Each structure stands twice: as C-alpha cells, then as structure tokens.
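Results of the structural survey
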Amino acid sequence: MWPGPDRHINDGRLITPGLFETGVGQVLTNVHWPYSCSGAAHGSCVIHNPSNHHMRGWPTLWRADRKIMERICPHGVGHPDPDQPWDADSHEWIHGCDGCCS
Ligand SMILES: [Zn+2]
Ligand SMILES: [Zn+2]
C-alpha cells in the first residue's frame, strides 16, 4: 500500500472534524472511532492529540484490515502508532519491524 518515497510525505491532516487524510492520502471518515479523544485511556490520540513521540513526523497509514494507524519509517516499514489505546504488553504491538519504532 505504501506508494513509495516519491509520494508527498506528511503527518496526515484533519480536513474537517470528521475527515482525516493520512500521510499516504487515504481519507478516513468517522475518525472519532476508535480513536476517541474522550475515550483514550491515556489522554493521547493519534489524530487529535498525538503525544511527543519520535515517529510523529512520519506519514500515517491506516490499516483497514487491522483497524489501526501505523507510521511509515524512512525505510517504508509500517509501525503501530504509539498513541494506540492498547496495554503495553498487548499482542497488538507485534509487527514486522526494522527497529525504527523502539
Ligand atoms: Zn526503518
Ligand atoms: Zn516497529
């Protein structure tokens, strides 16, 4: 799904409160679910209130198959965004990784 390094790269942008364009140009509707600002246990939100993690500048990629937001590292590898409402020991964090997200 990654269109390649020549594609315009950004952090994603909120078009309207309900529409979010990811860093690879996917337009998401209904963005308050499951990344609800009020529902996120730790207070951060991948779209509305990203925490100050080192992957912030990487383009976001919505994985419709897993319903998660990933960040694409400079090598084209997707890593789950740290502002995911999962427990630290959740199996959801497991992914094919080149080490960039740690
Ligand atoms: Zn990498
Ligand atoms: Zn990773």
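Going by the structure above, here's the rest.
Residues numbered from 1 in each chain as written. Chains lettered and ligands numbered in written order. Predicted model: local features only at pLDDT ≥ 70, side-chain atom pairs only at ≥ 80, totals over all residues. Heavy atoms only, no water.

Surrounding the zinc ion (ligand 2) are the protein donor atoms His79 (ND1), His95 (NE2), Cys97 (SG) and Cys101 (SG), which sit 2.0 to 2.3 Å from the metal. Bound by 4 donor atoms, the zinc ion (ligand 2) shows angles of 105 to 113° at the metal and therefore tetrahedral coordination geometry. Taken in chain order, the donor set of the zinc ion (ligand 2) reads H-x15-H-x1-C-x3-C. You can call His95 partly exposed: its relative accessible area is 24%. (Donors = N, O, S within 2.8 Å, 3.2 Å for Na, K, Ca; no water. Tetrahedral: all angles 85-135°; square planar, octahedral: opposite > 155°, others 65-115°. Buried < 20%, exposed > 50% of the residue type's maximum accessible area, 1.4 Å probe, protein only.)

Distances from the zinc ion (ligand 1) to its protein donors, Cys73 (SG), His75 (ND1), Asp98 (OD), Asp98 (OD) and Cys100 (SG), fall at 1.9 to 2.7 Å. Along the chain, the residues donating to the zinc ion (ligand 1) fall in the pattern C-x1-H-x22-D-x1-C.

In the Ramachandran plot, Lys67 falls in the positive-phi region, its phi being about 60° despite a non-glycine side chain. Along the polypeptide, Lys67 turns up in the loop between strand 4 (60-63) and strand 5 (68-72). (Helix = DSSP H or I, 4+ residues; strand = E, 2+ residues; numbered from the N terminus.)

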